Structures are given as C-alpha cells and as structure tokens.
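Here's the letter readout for the chains.
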Amino acid sequence: MNRNFLSDNASGVAPEILAALERANSGSAPSYGADTVTEKVQDMFGELFGREVWCFPVISGTAANALALSAITPPWGAVYCHEHAHIAVDECGAPEFYTGGAKLVPLPGPDGKLDPLLLRDALAARPAGIQHEVQPAALSLTQLGECGTVYQPEEVQALSGIAGKYDMHVHMDGARFANAVAHLACRPADISWRAGVDILSFGATKNGAMAAEAVLFFDGYLAENFLYRRKRGGHLLSKMRFLSAQLEAYLTRGLWLKMAAQANMQAQRLAAGFTELPGCQLIYPVEGNEIFLHLPGAIIDGLARQGFLFHRWRAEGADAIRLVTAFDTRDEDVDTLVQAATVLAEDN
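Model, not experiment: these values are computed from the prediction.

Caption draft 1: Quick look at the overall build of the chain. Broken down by element type, the chain carries 13 helices and 11 strands. The C-alpha atoms of the chain give 21 Å as radius of gyration, which agrees with the globular expectation for 348 residues (20 Å, within 12%). Referenced to the eigenvectors of the C-alpha coordinate spread, the extents of the chain come out at roughly 60 × 60 × 30 Å. In the chain, buried positions account for 53% of the 348 residues. Within the chain, contacts between residues separated by at least 24 positions form 76% of all contacts whose residues are at least 6 apart in sequence. Accessible surface, the chain as shown: approximately 14,900 Å² in total, 51% of it carbon and sulfur. Averaging the positions of the 27 positive and the 40 negative side-chain charges in the chain gives two centres separated by 5 Å.

Caption draft 2: Representation of the sheet that holds strand 1 (residues 54-58). If you trace the 7 strands from one edge of the open sheet to the other, you get 1-7-6-5-4-2-3, paired in mixed fashion. Among the strands making up the open sheet, the edge pair consists of strand 1 and strand 3 (103-107). On average, each strand axis in the sheet is tilted by 20° relative to the strand beside it, whichever way the strands run. In this structure, strand 2 (residues 77-82) lies alongside strand 4 (residues 135-142), joined through 4 bridges in parallel fashion. The partner of Ala-78 across the bridge, within strand 4, is Pro-136.

Caption draft 3: Just helix 8 (residues 177-184), in detail. Counted residue by residue, helix 8 has 6 buried out of 8 residues, so it is predominantly covered. Residues Phe-177, Ala-178, Asn-179, Ala-180, Val-181 and Leu-184 constitute the buried set of helix 8. Taken together, the buried residues of helix 8 touch helix 2 (36-49), helix 7 (153-165), strand 5 (169-174), strand 6 (199-203), helix 10 (241-251) and helix 11 (255-274). The positive-phi residue at the C-terminal boundary of helix 8 is Ala-185, with phi of around 55°.

Caption draft 4: Focus on unusual backbone geometry. The peptide bond linking Gln-143 to Leu-144 adopts the cis configuration, its omega dihedral lying at -5°. One non-glycine residue, Asp-167, lies in positive phi territory at about 55°. Take Asp-167: it is sitting in the loop between helix 7 and strand 5. On the basis of relative accessibility, which here comes to 69%, the residue Asp-167 falls in the exposed class. For Arg-253, which is not glycine, the phi dihedral falls at a positive 55°.

Caption draft 5: Looking closely at empty space enclosed by the protein. Summed over all chains, the structure comprises 1 cavity of 30 Å³ or more. By volume, the largest cavity is sized at about 30 Å³. Classifying every residue of the lining of the largest cavity by side-chain character gives 3 nonpolar, 5 polar and no charged.

Caption draft 6: Structural detail: the packing of helix 12 (residues 297-305) against helix 13 (residues 331-347). Where helix 12 meets helix 13, the closest approach of the two axes is 9 Å, and the angle between their N-to-C directions is 130°. The angle between the axes of helix 12 and helix 13 places the two elements in the oblique class. Here helix 12 and helix 13 pass one another in a crossing that is right-handed. Note on element contacts: helix 13 touches helix 12 through Leu-337, Ala-340, Ala-341, Leu-344 and Ala-345, opposite Ile-299, Gly-302 and Leu-303. In terms of residue class, the contact of helix 12 with helix 13 is built from 7 nonpolar, 1 polar and no charged.

Calculation notes
Residues numbered from 1 in each chain as written. Predicted model: local features only at pLDDT ≥ 70, side-chain atom pairs only at ≥ 80, totals over all residues. Heavy atoms only, no water. Helix = DSSP H or I, 4+ residues; strand = E, 2+ residues; numbered from the N terminus. Rg over C-alpha atoms; globule rule 2.2 N^0.38 Å. Buried < 20%, exposed > 50% of the residue type's maximum accessible area, 1.4 Å probe, protein only. Contact = heavy atoms within 4.5 Å. Areas by Shrake-Rupley, 256 points an atom, 1.4 Å probe, with all protein chains shown as cover. Lys, Arg positive; Asp, Glu negative; His and termini not counted. Charge placed at Lys NZ, Arg CZ, Asp CG, Glu CD. Pairing = 2+ DSSP bridges. Axes fitted to C-alpha atoms, helices over the stretch in contact; angles between N-to-C directions. 1 Å grid on protein atoms, 1.4 Å probe; cavity = no way out; pocket = protein on both sides within 12 Å on 5 of 7 lines; lining within 4 Å. Points joined across faces, edges and corners; volume = space filled by probe spheres on them. Nonpolar A, V, L, I, M, F, W, Y, C, P; charged D, E, K, R; others polar. Parallel < 35°, antiparallel > 145°, perpendicular 65-115°, else oblique. Left-handed = near helix turned anticlockwise from the far one by under 90°.

Purely geometric stuff here, so don't read any function into it on its own.
Here's what the structure looks like:
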C-alpha cells in the first residue's frame, strides 16, 4: 500500500517507459542526439503542437527552466514571475546563474497565478531604457501553478499580451503541463504558442518518466544558439537516445494525457473524501493533482504517526498540508488515507 503523498516526484516509472528504455538499449546508436529516436521525438512534438517545434531534451526541470530563460534574458534583464514560482523559490539560483545574473522579479497573485493588472502595474513602474534599472526581458508562467491551479487559455493570452507590449518573451514552466491539459481538455497549443508562449519547459518526470524534460521553442530564431547553451550547461547527453526514448513512449498513443488524467482523478477523489471531515477546508481549487488543505492538528499528527507522507505547507499556517497524487496512485491508496483521516476525526 502506497502511503507516500509527498510529491509526484516520488512515483515510479511507467511500464511503457521502462519498456522503451529496454528497446533503446539494443545495439548501438549515434551519440549526442544524432540518433533516430531523438529525430522522431522532434517530429512527434511538431504533430502534438500543430506546428514546427524546436525540441531539446534535457535531464531535469531546473535545467529546462534555467537554460530556457537564458535564451531570452540578458544579464541585465528582468524575469517576471509569481512569488511562489519554482524558478524563484526552488532552483537554488539556477536561472540567475545561467542568465549571467538576470534579476527575478516575483509578484503576488491569488491561487498561485499572476494577476494581469498587477503585472501591468509592475511593468509600468519600471520602464525600459533607464540605465539604473534591470530591463524587462521575460515573463515566466507556471502551468500547473505552484498552488495546483490552472491558467485558462484566455489568462495565458492576457498575460502574454501585456508582456508583448514591453517586447518581453514568454516562458512557461510546464513541469505539470500534462495535468493542466488533462484538466482543461484542450489542445496543447491552446495554452502554449497560440496563447503567446515562446518557450515551454515540457515536463515528463513528474508524470511517469524516469528523468526526461524537453525545452520546446516555438520560434526558430530564439532556438538558434540553444545547442551551445545546452552543451555548456552540461545537458547534452552522449547517450541521448535513452532520454528521447522516454519522451517517445510518453507521447505515443496519448500516454502522457492518460497518466495525467489518472493523477487528476485521484486528486479529486482525495479532495472529496477530505472535505467531508469536520474542520477540513480546501485552500485552493483542486484543478490538477495537488491538494492543499487546512486540517485539525490531531489529524495531521495522527496521519504522520501512521506513516503517511505529505508536506506540511507552513506558508499557509501550521494546520496546512499538501497532498500530491501521481499516475500510479490507486483507488485503494486514496481510500486508505481518507479512511485513516476519518477515524482520526471521529476519535478527536
């Protein structure tokens, strides 16, 4: 029985992806991305997004985000993002490092999403061309957001439109992009290039891959020097076929969306079970595979004693926790957690 609801990073690897790695391990292949699997993945992403895409597989989300931002942000540039964005609080200065010193400008926003009016006002307050100020260069959006919420296509379009007025490029951290697409039941293009996104960090690791992300450019001009940025950053794998094989399996027959939909569905079941408990309150809407809630301390402590793993989300108070479901979360995993919490609520 799986009692780990800490993160989808804690999940295993999908059988289809393990099988793809086994197939890729047969014989030899050209190195450094010159193999046929990597070439095929490039075409698959083009089909998925309905246009030409420049695809660069990398090994981690931090690398995808930091290297992507380095392609659109000079050292004197500013990257605007949400105050809870992964690039601002969880990447140990990697974006600043790879951009050569660009400044992150975190902004508040309800439910973990940027507010267009706040972004507009922040940009108006720091106009371009003043040599004493960092220059607006990039907007970074997170999809899903850090609070598990989803940007609707029109929200992405509105924020991208504001950035465009300041000649800024738009990056999207899509570590949980699949969960957002599954929730919205939209085309991937609708919340990416059609809505004004220039570069997407397309995540797979949180959703069943062993370790595979891809930096996707929707403008070949921006991708022009990325080969060298990736190599200099240490993310040009010599045996690239093993990275690309994961992405190939991930995209084949919609596996990526099936797994995300499974994780989302289990999150809904979990939220429904917990909201029946006295003293339990959802903090944010449940739109993906993350659940944030206030819970009586006795229940939190009791669940921890029983071996359930989760994050205590102290940013929202001592009684706040985060639960995360994954592609391999089963009905019985959710039912066992909800039942344990119910018994604790009755005992207290």
